[in-house]
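# Inside the fold
As a plain string of letters, each chain reads:
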Amino acid sequence: MRMYDIIKKKRDGEELSTEEIDFFVHGVTDGSIPDYQISALCMAIYFQGMTVRETCDFTYAVRDSGEKLDASKIQGIRVDKHSTGGVGDKTSLVVAPIVAALGIKVAKMSGRGLGHTGGTVDKLEAIKGFETTLCDEKFVAQVNSIGLAIVGQSKQFAPADKKLYALRDVTATVDSMPLIAASIMGKKLAADDDCIVLDVKTGSGSFMKTVEKSKELARLMVDIGKNAGKKMTALITNMDRPLGRAIGNSLEVIEAVETLNGRGPEDLTDVSLTLAGHMLSLAGKGTVEECIAMARETIQSGAALQKFVETVRAQGGDASLIEHPETFEKAKYSYAVTAPRSGYIASADTESYGVASLLLGAGRNTAEDEIDYAAGILLTKKTGDYVQKGEEIATLFANDESLFAASAEKLLAATEISVEPPQDEPLIYGIVK
Ligand code: URA
């Protein structure tokens, strides 16, 4: 088999066989296929797409490209949630402790920030001492003892995806439906949870910009998971505006803690409770409505916050930061971005908001970049709010004042102010089962 022929076949819009897909994924994993041929095939897939059969084969090959978690050592039902990536999306930090507080096991493997989107592992590392690399034995033991552990993916885990993702990130082939589905589901299936809830983001801050495309991606991923014997649900949620008001790592942890304290922003609270409700329901705790009510109760009683504190402590993090989030290290400088005219915030290009935060040091431009955990943005106004000319719409935080100008410019260019209020948009567009 020759890689040249596989690239040509896909370039010409033909369907690849299971053997050809396996050959490709093996070659990615063992390094025998050079980067330029991998990238060329990704680009051909980007333009020609894949059938459902090809995407399933691709996903299973990614799943099988490395080690898998031996989940049989975890007692009880394991449930996970995964987001396709957004801006200000700190739901995992809220949802995982809620679900674990209700006795369902959450053995969470999370990612780092990608492009303009943030990642749970980076956020957790904003908590001093928090260890996101645990060996399998420790990981399993922690899930068995307290019900929750959150780590980054190890090198041995779906290594084909690691390589593919790094190349897609620099060859403009991230936002391809089969490539996203195989990337996300390949990793999720290798983690071998019993139930998976997908949070498929839609809108300007997500990889899928329209509701139709997001529903299609959700359907595809749900079918891939079910085909592999998993219980699956996907929610299509709004990413035409950042979730909550905080963008940036420690700012987002603080907002997640506020939410676990019952004082979080309404959109973040609602999406988190809905995700938790679906996770609990898939795990057999009751109807979605009953489970949402139980989830809410864990916030009111403090049980979810307590579970988060326990998890942070178990993973070596400074739990006093969670108990007193006002003690997180602050950025040295702040800068108020003000409205250039009066009117309603009619729309905000959320991807640009993510980039504006990245420009402050909260994300990476290259894989080697160090993150400034205190950097980021607090939105004073969001889509639908009225602003007076000169009124603050956001505060930027950075440890280097010279970063403010470019970030503020990006944020303002992405914010449309108009005399008419925008139409209300739903927070959750649909559920795919
Ligand atoms: N998240 C992933 O893990 N992979 C993708 O391709 C997109 C989002």
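Keep in mind that this is a model prediction, so the values were computed, not measured. Here the residue numbers are simple positions, counted from 1 along each chain's written sequence. Under the rules for a predicted model, residues below a pLDDT of 70 receive no local features and side-chain atom pairs below 80 are neither given nor counted, while totals for whole chains, interfaces and linings still include all residues. Remark: hydrogens and water are excluded; side-chain values derive from all non-hydrogen atoms of the structure.

Now for the overall build of the protein chain. Secondary structure counts use DSSP, requiring at least four H or I residues in a row for a helix and at least two E residues in a row for a strand, with both numbered from the N terminus. When helices and strands are tallied, the protein chain shows 17 helices and 13 strands. On C-alpha atoms alone, the protein chain measures out to a radius of gyration of 21 Å, which is about the 22 Å that the 2.2 N^0.38 rule sets for 433 residues. Summarising its shape, the C-alpha atoms of the protein chain cover approximately 65 × 45 × 40 Å along the three principal directions. Note on contacts: a residue pair is in contact if any heavy atoms of the two residues lie within 4.5 Å. Across the protein chain, contacts joining residues at least 24 apart in sequence account for 78% of those joining residues at least 6 apart. Two things to know: the radius of gyration comes from C-alpha atoms, and the globule rule equals 2.2 Å times the number of residues to the power 0.38.

All right, on to the pattern of salt bridges then. Salt bridge, as used here, is a side-chain nitrogen of Lys or Arg placed within 4 Å of a carboxyl oxygen of Asp or Glu. By the definition in use, this model includes 31 salt bridges. Through salt bridges with shared partners, a single ionic network connects R112, D122, E125 and R364.

This next bit is on the domain arrangement of the protein chain. The domain boundaries here were taken from an automatic or database domain assignment. What the domain assignment lists for the protein chain is domain 1 (3-49), domain 2 (71-155 + 191-323) and domain 3 (329-418). Averaged C-alpha coordinates put domain 1 and domain 2 at centres separated by 33 Å.

Our focus in this paragraph is the site of the ligand. Surrounding the ligand, one finds T84, L114, Y165, R168, I180, S183, I184, K187 and F207. S183 places a side-chain nitrogen or oxygen 2.6 Å from a nitrogen atom of the ligand. N or O atoms within 3.5 Å of each other form a polar contact, as long as, within protein, one can give a hydrogen and the other can take it, and as long as residues adjacent in sequence are counted only when both atoms are side-chain atoms. Within the contact set of the ligand, an oxygen atom lies 2.5 Å away from a side-chain nitrogen or oxygen of K187. The Shrake-Rupley method, run with a 1.4 Å probe sphere, supplies the accessible areas, and residue values consider only the shown protein chains as cover. When the ligand sits alone it has 230 Å² of accessible area, and the protein chains cover 96% of it. Distances are taken per atom, and a residue is near a molecule or strand as soon as one of its heavy atoms is within 4 Å of it.

So, on to the side chain of D80. Its location among the elements puts D80 in strand β1 (residues 79-83). Residue class for D80 comes out buried when judged on its relative accessible area of 1%. At 3.0 Å, the side chain of D80 and the side chain of K108 are in polar contact. Only 2.6 Å separates the side chain of D80 from the side chain of K188, close enough to count as a polar contact. Think of it in three bands: with a 1.4 Å probe and only protein chains considered, a residue is buried below 20% of the maximum accessible area for its type, exposed above 50%, and partly exposed in between.

What follows is about unusual backbone geometry. Phi angles above zero are rare outside glycine, and A158 is one such case at about 40 degrees. Inspection of the secondary structure assignment puts A158 in the loop between β3 (148-152) and α8 (159-170). Look at A158 and you get buried, because its relative accessible area is 1%. The backbone phi angle of D192 is positive, close to 55 degrees, even though this residue is not glycine. Examined against the element boundaries, D192 turns out to sit in the loop between α9 (177-191) and β4 (195-202).

Quick look at the environment of T120 now. Along the chain, the position of T120 falls in helix α6 (residues 120-124). Sequence-distant contacts of T120, defined by excluding residues within four places in its chain, comprise S92, L93, S110, G111 and I150.

Here the term cavity refers to a set of points on a 1 Å grid, laid over the protein atoms alone, in which a 1.4 Å probe fits but cannot get out; the term pocket refers to an open set having protein on both sides within 12 Å along at least five of seven lines, with lining residues being those that place an atom within 4 Å of a point. Grid points are joined across faces, edges and corners, and a volume is the space filled by probe spheres set on the points. Of the pockets and cavities examined, the second largest pocket occupies roughly 360 Å³. All residues other than Ala, Val, Leu, Ile, Met, Phe, Trp, Tyr, Cys, Pro, Asp, Glu, Lys and Arg, Gly among them, are scored as polar; the first ten of these are nonpolar and the last four charged. A per-class count over the lining of the second largest pocket returns three nonpolar, three polar and nine charged. Two domains each provide a minimum of three residues to the lining of the second largest pocket, namely domain 2 (71-155 + 191-323) and domain 3 (329-418).

Below, the discussion takes up the packing of helix α5 (residues 91-101) against helix α12 (residues 266-282). Following both chains from N to C, one finds α5 and α12 inclined at 40 degrees, their axes separated by 9 Å at the closest point. Comparing their axes, α12 and α5 come out oblique. In this structure, α5 meets α12 at a crossing whose hand is right-handed. For the pair α5 and α12, the contacting residues are T91, V94, V95, I98 and V99 in the first and L268, V271, S272, L273, L275, A276, M279 and L280 in the second. Each axis is a line fitted through C-alpha atoms, taken for helices only over the stretch in contact, and angles between the N-to-C directions span 0 to 180 degrees. Throughout this description, any angle smaller than 35 degrees is read as roughly parallel, any larger than 145 degrees as roughly antiparallel, any in the 65 to 115 degree range as roughly perpendicular, and the remainder as oblique. Handedness of a crossing is defined here by the sense of rotation of the near helix relative to the far one, left-handed for an anticlockwise turn of less than a right angle and right-handed for a clockwise turn.

With that out of the way, let us pick up the sheet that holds strand β8 (residues 343-348). An order of β10-β8-β12 is seen for the three strands of this open sheet, with the pairing classed as antiparallel. Strands with a single pairing partner mark the edges of an open sheet, and in this sheet they are β10 (386-387) and β12 (415-418). Bridge count between β8 and β10: two bridges; the pairing is antiparallel. Paired with Y344 across the bridge in β10 is Y386. At least two DSSP bridges between two strands are needed for those strands to be called paired.

What follows deals with the pairing of strand β2 (residues 106-110). With respect to burial, β2 is a largely interior element, five of its five residues being buried. Alternating positions in β2 separate into two faces, V106, K108 and S110 on one and A107 and M109 on the other, with burial throughout. Across five bridges, the pairing between β2 and β3 is parallel. If you follow S110 over to β3, its bridge partner there is G152.

Topologically, E20 is positioned in helix α2 (residues 18-30). Taking relative accessible area as the criterion, E20 reaches 14% and is therefore assigned buried. If sequence neighbours within four positions are ignored, E20 has contacts with M1, I6, K9 and E15.

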